[in-house]
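The residues making up each chain are set out below.
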Amino acid sequence: MTTRREFFKKGILAGAGLAIMKTGLSFENKKVVQAEDLFALPPLPYAYDALEPFIDKQTMEIHHTKHHQAYIDKLNKAVTDAKLNGITLEVLCKNVSKYPIAIRNHGGGHYNHSMFWNSMKPNPGSVLEPAKANEPVWKIGDAIKSTFDSFSNFKTKFTEKAMSTFGSGWAWLVINKEGKLEIGSTPNQDNPLMDLAEFKGTPIIGLDVWEHAYYLKYQNKRADYVNSWWNIVNWEVASKRFEGK
Ligand code: MN3
């Protein structure tokens, strides 16, 4: 089995001679992204088909290798043009109002997708054996229950937010400045870390509601995609983020 570190080293070796990247990615231990030069596509923590039947292999592959890669390529160009090489993704988001719009769009795109991949996990099921119910436990489970009365109520509210996000954007569960869980959304590739965002906080989970995230399998039926996504939310990772780990 190739670990993420080994995978990453191989990526570096493949790019040897280009002298481009030294990028680490770990939402789990709060480092988010450390970029000393330019950004690189983080490997998925599972196979492209691992989220079937909820998100199909083709969507995952295109979303990761084409959409996410395009945000990174354009971000690297924008960072280089603005002579911001070495900036971390988190610092970039928190000060985004000072930078060109390309940095907002593509830096947000890189942050949001990196977080999105890590917010999901496989939960395979079949006609004979349905996927396991995926309810949050750990500290995030307790916090959701105390804030929203029940997981079911939270799910309804989050789903409504995802459904009412007009056009392309993201639905989020964050810790707000009062230290409470809160549901909100951001347009385009904005996120709640951004200084110019209307909805601010520390992201715990984010759901991509751009059509490219679901159109191949679900066409215009965003509700079916959102309902499926609940099966594959990685609550363990969400709880670690919530606990500041
Ligand atoms: Mn996307």
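Note: the structure precedes this text.
Residues numbered from 1 in each chain as written. Predicted model: local features only at pLDDT ≥ 70, side-chain atom pairs only at ≥ 80, totals over all residues. Heavy atoms only, no water.

Quick question: what am I supposed to make of the coordination of the manganese ion here?
Under perfect tetrahedral coordination by four donors, a metal shows angles of 109.5 degrees; under perfect octahedral coordination by six donors, it shows angles of 90 or 180 degrees. With distances of 2.0 to 2.2 Å, the protein atoms coordinating the manganese ion are His63 (NE2), His113 (NE2), Asp208 (OD) and His212 (NE2). As a motif over one chain, the donors of the manganese ion read H-x49-H-x94-D-x3-H. With a relative accessible area of 19%, His212 lands in the buried category. (Donors = N, O, S within 2.8 Å, 3.2 Å for Na, K, Ca; no water. Buried < 20%, exposed > 50% of the residue type's maximum accessible area, 1.4 Å probe, protein only.)

I'm lost on the environment of Ile205 in this one. Help?
Structurally, Ile205 is set in strand S5 (residues 202-208). Placed 32 residues apart in sequence, Ile205 and Val237 show a C-alpha to C-alpha distance of 8.9 Å. In contact with Ile205, other than residues within four places in its own chain, are Met115, Ser119, Phe154, Phe158, Ala171, Trp172, Leu173, Trp229, Val233, Trp235, Ala238 and Arg241. (Helix = DSSP H or I, 4+ residues; strand = E, 2+ residues; numbered from the N terminus. Contact = heavy atoms within 4.5 Å.)

For this particular structure, what's the right way to read the pairing of S5?
Of all seven residues that make up S5, six are buried, and the element is covered over most of its length. In terms of strand pairing, strand S3 (residues 169-175) meets S5 through six bridges, oriented antiparallel. In the strand pairing of S5, Trp170 is matched with Asp208. (Pairing = 2+ DSSP bridges.)

In this structure, what is going on with the pattern of salt bridges? I would like to understand it.
Across all of its chains, the model carries five salt bridges by this definition. Taking the shortest distance from any N to any O, the salt bridge between Glu178 and Lys177 comes out at 3.9 Å. Each member of the pair, Glu178 as well as Lys177, is classed as exposed. Across the pair Lys245 and Glu243 runs a salt bridge, and its minimum N-O distance is 3.1 Å. (Salt bridge = Lys/Arg side-chain N within 4 Å of Asp/Glu carboxyl O.)

How do you make sense of the environment of Val209 when you look at a structure like this?
Here Val209 lies in the loop between S5 and helix H7 (215-218). Beyond its immediate stretch of four places on either side in the chain, Val209 contacts Ala162, Thr165, Gly167, Gly169, Trp170, Tyr214 and Arg222.

I'm lost on the sheet that holds S3 in this one. Help?
Strand pairing in a sheet relies on backbone hydrogen bonds, with the paired strands running either antiparallel or parallel. The strand order across the open sheet built from three strands is S4-S3-S5, with neighbouring strands paired in antiparallel fashion. Among the strands making up the open sheet, the edge pair consists of strand S4 (181-187) and S5. In this sheet, adjacent strand axes meet at a mean angle of 25 degrees when their direction is disregarded. Relative to the sheet, helix H6 (residues 151-164) contacts S3, S4 and S5, its axis offset from that of S4 by approximately 15 degrees. With respect to the sheet, helix H9 (residues 235-242) is in contact with S3, S4 and S5, its orientation differing from that of S5 by roughly 150 degrees. (Axes fitted to C-alpha atoms, helices over the stretch in contact; angles between N-to-C directions.)

Sorry if this is basic, but what is going on with the packing of H6 against helix H8 (residues 222-229) here?
Axes are the key here: two packed helices are described by the angle between their axes and the distance separating the axes. Closest axis-to-axis distance for the H6/H8 pair is 10 Å, and the angle between their directions is 145 degrees. Relative to H8, the crossing made by H6 is right-handed. Along its contact with H6, which presents Phe158, Thr159, Ala162 and Met163, the element H8 presents Arg222, Ala223, Val226, Asn227 and Trp229. Here the residues of the contact of H6 with H8 are counted per class, giving six nonpolar, two polar and one charged. (Left-handed = near helix turned anticlockwise from the far one by under 90°. Nonpolar A, V, L, I, M, F, W, Y, C, P; charged D, E, K, R; others polar.)

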